[in-house]
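Coordinates in review
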Amino acid sequence: MQRNYLITGADTGFAAHFAARCLASAGSRVFYWMEKRDSSAQARFSELVATAVQESGSDDGTTERLLALGGDSESGPLTVPSGTKIDEVWHFAGGLAGEGKRCGGLAEVLDSFSKTGADRFNFIGPAFGGRALEQQARKHCDERKIAFRAFRTSLIALGAGGLADEDANDFLHFLVSLFVYKTEIDERLAEYFDIQALRLTAGPDTRINLLGAREAAELLHAIAEQAPEANEFYIGNPEDMLLKEFCERCGMVYGLSLLATLDQGKLNAVDQLFQSRIGFFRGYLDSTEKFPWQAAWQIAGLPEDRARYDEDAQVAVLESILEAQRTERDAECERVNELQNLEPKTIDSGGSPLSYYVVGGDGPPVVLLNALAQGMYYWYRLIDRLMRHHKVVFWEPRGTVEPDRPFGLDDQLADLEAIVREEGFEKFHIVAWCTGPKVAVKFCRKYPEMVPSMVFLNTSFKYAGESEEFGELGADYEHNLASLCTVLNSQPNMSKSMMQSLQANFEVNPDNVLKITDSQLFANSVLALMPPEL
């Protein structure tokens, strides 16, 4: 039957499989209005649908019936073409990771629902967790007498194509967290995972439910065609799997031992940090609720063996994802290296030349305020990520080498003012490290309307007064440095030895770390290591 579908939401990978299934119906059209709507995101979604269509064996020409709404702008409104009536609206909300960030996108869709002509809102979200987005959508629909249908999913397994939007799919988000974390530890000590396993908190009999995205999309479509009276469905695999089996396959592919344990005492600092990275995943591990996964297959009239996701299939998907992650990592390293060869802009500030760098596109500007006497190479990976959606401005703070005159906080502020004036920024965000936040606060107090947000890392403030509210802002670094300066002021002959102490290298030696036999101390020492490239 010919129908017009509107697909919205954040989980582009899952949505692409559903779009492919809808396009398989002769003459049906799919309009999409995803949360990421710039031209590159639209092109990526179109490619994901084309790949899903090809995998399903459908005619390649079906993608001509895939149409984007809202132009190629993030702010483009949800506007249905004149004379077009949408038959079904499907919102793919995404998983538990970053759920709180997606309230705005859902609200936009709900506010524009009346423009579509549809009479039912289909919501696809996780069966686990608090279901906050589902409750928001249901409340909105109930108040406006819009028919509401919820599809609550298990862990939906996507392939490598969905990595660009991994924050909306918990299966990919877990694997990205694992890859990134292992890479970070390997950079500190390559032998760590040869010696230690990586542990997460879960019992030996903990089970997870994993369903492939194509099979899940087929199940959604079949239920929609049956149009049953029920308005709640649980989309998952009729058979759970043991978490330890999934961990074994992940470990085999990613090159480490990934273990589940209920003994908190066995978790060292490396394990605990990993736990904090995958907090969202606990929703799948801690749930004691039993979901009726089989019922949806019976309603849809589909054989349950279609959901089969055996070891070979899982390993093949994991290997393809790891290959894509390595490719992206190599590309990131190349981009980071290229940042070191940028040509600076040079302007006059206070009668002397000031050089700075500008990268990125036309997105909201972000100004990076570095620590005194620290190179920009510490920032390059962050810059690489920020510049995809922002214009990023950064420079080496003056005052330690150039100019050859006393250069204080007011001069640092004047440099920031000069650069902002040159770039013509009316508003910009600030990210600042160590001494940088001092400049940020001084600027923000002077021009509060220009700075919508500030992010500080390891701030270095000195608070001279006595206050329970502000006293904690004072950094030990500042107080200790003030004491040293007081000593030097009275005993200048100590300056040479003091400089030698400040320039001493206190980095931990990796060879010495490898000799540590205590697991807890070993993990702490590894985290204290500085990656060689930094």
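Residues numbered from 1 in each chain as written. Predicted model: local features only at pLDDT ≥ 70, side-chain atom pairs only at ≥ 80, totals over all residues. Heavy atoms only, no water.

**Quick look at the overall build of the protein chain**
In terms of helices and strands, the protein chain carries 19 helices and 19 strands. Based on the C-alpha atoms only, the size of the protein chain along its principal axes is roughly 90 × 60 × 45 Å. Residue burial in the protein chain is summarised as follows: out of 534 residues, 48% are buried. Carbon and sulfur atoms form 49% of the exposed surface of the protein chain, whose accessible area is close to 26,500 Å². Side-chain charges of the protein chain comprise 51 positive and 79 negative groups, with the mean position of each set lying 3 Å from the other. (Helix = DSSP H or I, 4+ residues; strand = E, 2+ residues; numbered from the N terminus. Buried < 20%, exposed > 50% of the residue type's maximum accessible area, 1.4 Å probe, protein only. Areas by Shrake-Rupley, 256 points an atom, 1.4 Å probe, with all protein chains shown as cover. Lys, Arg positive; Asp, Glu negative; His and termini not counted. Charge placed at Lys NZ, Arg CZ, Asp CG, Glu CD.)

**Section: helix H1 (residues 12-23)**
The end-to-end C-alpha separation of H1 is 16 Å, in line with the 16 Å expected for twelve residues at 1.5 Å each. Taking burial as the measure, the twelve residues of H1 include eleven buried ones, the bulk of the element. Regarding H1, the residues found buried are Thr12, Gly13, Phe14, Ala15, Ala16, His17, Phe18, Ala19, Ala20, Cys22 and Leu23. (Expected span 1.5 Å × (residues − 1).)

**Description of the environment of Pro228**
With respect to the helices and strands, Pro228 occurs in the loop between helix H7 (213-226) and strand E11 (232-235). Counting along the chain gives 72 residues from Pro228 to Ala300, while the straight-line C-alpha distance between them is 9.3 Å. The residues touching Pro228, leaving out its near neighbours within four places in the chain, are Arg149, Ile223, Phe233 and Ile299. (Contact = heavy atoms within 4.5 Å.)

**Brief notes about the pattern of salt bridges**
The tally for this structure, following the rule as stated, stands at 30 salt bridges. Across the pair Asp186 and Lys182 runs a salt bridge, and its minimum N-O distance is 2.8 Å. Note that Asp186 and Lys182 are positioned in helix H5 (residues 170-188) at a spacing of four residues, about one turn of the helix. A salt bridge links Arg306 to Glu218, with the shortest nitrogen-to-oxygen separation between them at 3.5 Å. Separated by 88 residues along the polypeptide, Arg306 in the loop between helix H11 (293-300) and helix H12 (311-339) and Glu218 in helix H7 bring together distant segments of the chain. Owing to a relative accessible area of 41%, Arg306 belongs among the partly exposed residues under this scheme. Salt bridges linked by common partners bring Glu187, Arg329, Glu332, Arg381 and Arg385 together as one network. (Salt bridge = Lys/Arg side-chain N within 4 Å of Asp/Glu carboxyl O.)

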